Amino acid sequence: MKVKTLVAHMNGYGEKFEKAVGDEYDMPAEHAGPLIEAGLAERVEADQASAATGKGRGAKG
């Protein structure tokens, strides 16, 4: 599951151990749940992930 950091924290998932606000990274859903419940991260939906990587339909939709 892809998550986005809401509050700076640390864990071993993603490219770097220390997560800054706004960082997005993948982690197993069973480990993401507690972070989301604690308000440290939010789930990145598939549409948001596509927009963030520039893989959308563009201006013509």
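Structure report, in brief. (Residues numbered from 1 in each chain as written. Predicted model: local features only at pLDDT ≥ 70, side-chain atom pairs only at ≥ 80, totals over all residues. Heavy atoms only, no water.)

Side note on the environment of Glu 18
Then, in step 1: Its location among the elements puts Glu 18 in strand β3 (residues 18-19).
Then, in step 2: For the pair Glu 18 and Ala 8, spaced 10 residues apart in sequence, the C-alpha to C-alpha distance is 7.5 Å.
Then, in step 3: For Glu 18, the contacting residues outside a window of four places in its chain are His 9, Met 10 and Asp 23. (Helix = DSSP H or I, 4+ residues; strand = E, 2+ residues; numbered from the N terminus. Contact = heavy atoms within 4.5 Å.)

Topic: the pairing of strand β1 (residues 2-5)
Then, in step 1: Taking every second residue as pointing to the same face, the buried face of β1 carries Val 3 and Thr 5, while none of Lys 2 and Lys 4 on the other face is buried.
Then, in step 2: Relative to strand β4 (residues 24-26), β1 is paired through three bridges, and the arrangement is antiparallel. Bridged to Lys 2 within β4 is Asp 26.
Then, in step 3: Across three bridges, β1 lies against strand β5 (residues 41-43) in antiparallel orientation. (Buried < 20%, exposed > 50% of the residue type's maximum accessible area, 1.4 Å probe, protein only. Pairing = 2+ DSSP bridges.)

Some points on the packing of aromatic side chains
The geometry of an aromatic ring pair is captured by two quantities: the separation of the ring centres and the angle between the planes.
Then, in step 1: What the rule picks out here adds up to zero aromatic pairs.
Then, in step 2: Directly above the ring of Tyr 25 sits Lys 19, whose terminal nitrogen or CZ lies 4.7 Å from the centroid. (Phe/Tyr/Trp six-rings, centres within 6.5 Å; stacked < 30°, edge-to-face > 60°. Lys NZ or Arg CZ within 6 Å of the ring centre and 35° of its normal.)

Section: the sheet that holds β1
Then, in step 1: Strand order across the open sheet formed by three strands is β4-β1-β5, with antiparallel pairing between neighbours. The open sheet has two edge strands with one neighbour each: β4 and β5. Sheet twist, expressed as the average angle between the axes of neighbouring strands with direction ignored, equals 35°. (Axes fitted to C-alpha atoms, helices over the stretch in contact; angles between N-to-C directions.)

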